[in-house]
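Fold and contact review
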Amino acid sequence: FFKQKTAYEIGVRLVGSEMCIRDSAKAVIEHKLYWAAVSSEGEAKYLVAVLNSDLVLERLRPFQNLGLFGERDIDKNVFHAMIPAYDADNSDHTSLLPLVDRAEAAVSALELDGVPFKTARKRMRAHVSELGIHDEIEKIVQRIVPVPQL
């Protein structure tokens, strides 16, 4: 199995509350580490894109705990988002993979040494958004993740 770990990483990957890392000397694990075994790098990148999407965050917001600074901890509630399993034959799923690669390359090019974590995360998010990668990912995720039936 190809294993990915969920954690924050300064300087690479998509930006959001949960990041996927492989091997990196720049990994920062604040106080929690969640991981999942996935069957391929494609599945790992798919999950990076979907889990970092605004759509999934909005769907999970009602289930989040409230902390001193607002909503937190999507980890326990991620299954409420009804994320479909990765399908290598689904063109929407596979179209996310090069977008994750582009986002990773773009964020890796930023100079973030010595920048406080929250500031670095905001800069990474803004950069991915300025390049249009964020919007491309959101459009695809909206087609992938079903609307909850009440």
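The present account deals with the structure reproduced in this document. (Residues numbered from 1 in each chain as written. Predicted model: local features only at pLDDT ≥ 70, side-chain atom pairs only at ≥ 80, totals over all residues. Heavy atoms only, no water.)

**Brief notes about the side chain of Asp92**
The following threshold applies: Secondary structure counts use DSSP, requiring at least four H or I residues in a row for a helix and at least two E residues in a row for a strand, with both numbered from the N terminus. As used in this structure description, the phrase polar contact means that two N or O atoms lie within 3.5 Å; if the pair is within protein, one of them must be able to donate a hydrogen and the other to accept it, and residues adjacent in sequence are counted only when both atoms belong to side chains. In this analysis, two residues are considered to be in contact whenever any of their non-hydrogen atoms come within 4.5 Å of each other.
One can find Asp92 in helix α3 (residues 91-108). At 2.8 Å, the side chain of Asp92 and the side chain of Arg143 are in polar contact. Discounting residues that sit within four places of it in the chain, Asp92 has contacts with Ile140, Arg143 and Ile144.

**A word on the environment of Ser108**
Structurally, the position occupied by Ser108 is in helix α3. Each C-alpha atom, one on Ser108 and one on Met124, is 9.0 Å from the other, the two residues being 16 residues apart in sequence.

**Describing the packing of helix α1 (residues 41-51) against α3**
Which entries qualify depends on this criterion: Here an axis means a line fitted to C-alpha atoms, over the contact stretch when the element is a helix, while the angle between two N-to-C directions is reported on a 0 to 180 degree scale. Should an angle fall under 35 degrees it is called roughly parallel, over 145 degrees roughly antiparallel, and 65 to 115 degrees roughly perpendicular, with every other angle called oblique. Three classes are used, and their members are as follows: Ala, Val, Leu, Ile, Met, Phe, Trp, Tyr, Cys and Pro are nonpolar, Asp, Glu, Lys and Arg are charged, and the others, Gly among them, are polar.
Following both chains from N to C, one finds α1 and α3 inclined at 80°, their axes separated by 8 Å at the closest point. Overall, the two elements α1 and α3 adopt an arrangement that is roughly perpendicular. Together, Gly42, Lys45, Tyr46, Val48, Ala49 and Val50 of α1 and His93, Leu96, Leu97, Val100 and Asp101 of α3 make up the contact between the two elements. Along the lines of polarity and charge, the residues of the contact of α1 with α3 split into seven nonpolar, two polar and two charged.

**With respect to the nonpolar core**
Worth spelling out the cut-off: Only buried residues count toward a nonpolar core. Its members are Ala, Val, Leu, Ile, Met, Phe, Trp, Tyr and Cys residues joined through side-chain atoms within 4.5 Å. Each residue is placed in one exposure class: buried if its accessible area under a 1.4 Å probe, protein chains only, is under 20% of its type's maximum, exposed if it is over 50%, and partly exposed if it falls in between.
If you look at the biggest cluster of nonpolar residues, it comprises 25 residues, and the most contacted ones within it are Tyr46, Val50, Val56, Leu96, Ile137, Val141 and Val145. Only α1, α2 (54-60), α3, α4 (117-130) and α5 (133-144) provide two or more residues apiece to this core. Here this core takes six residues from α3, the largest share from any one element. If we ignore the near neighbours within four places in the chain, the residues touching Val141 are Ala49, Val50, Ser53, Leu55, Val56 and Leu96.

**Structural notes on α1**
The element α1 is largely enclosed, with a buried count of nine among its eleven residues. Among the residues of α1, those classed as buried are Gly42, Glu43, Ala44, Lys45, Tyr46, Val48, Ala49, Val50 and Leu51.

**Things to note about the pattern of salt bridges**
Pairing between side chains of opposite charge can happen when their charged atoms approach one another. The line we're drawing: Every case where a carboxyl oxygen of Asp or Glu lies within 4 Å of a side-chain nitrogen of Lys or Arg is listed as a salt bridge.
By the definition in use, this model includes four salt bridges. Across the salt bridge formed by Arg143 and Asp92, the nearest N and O atoms sit 2.8 Å from each other. Of this pair, Arg143 sits in helix α5 while Asp92 sits in helix α3, and the two are 51 residues apart along the sequence. Classification of Arg143 by relative accessible area gives exposed; the value is 54%.

**Brief notes about α4**
Selection rule: What a helix should span is 1.5 Å times the count of its residues minus one. The arc in question is the one traced by the directions running from the helix axis out to the C-beta atoms.
Between the first and last C-alpha of α4 there are 20 Å, a value that for 14 residues agrees with the 20 Å anticipated at 1.5 Å per step. For α4, the set of buried residues is Ala120, Arg121, Met124, His127 and Val128. The buried side chains of α4 occupy one side of the element, clustering within an arc of 130° when seen end-on. Turned more than 90 degrees away from the buried face of α4, the exposed residues are Lys118, Lys122 and Glu130. Where α4 ends, the next residue or the one after it, Gly132, has phi of about 85°, a positive value.

**Some points on the environment of Glu111**
Within the secondary structure, Glu111 is located in the loop between α3 and α4. Expressed as a C-alpha distance, the spacing of Glu111 and Arg123, which sit twelve residues apart in the sequence, is 9.9 Å. A distance of 3.3 Å separates the side chain of Glu111 from the backbone nitrogen of Asp113, its partner in a polar contact.

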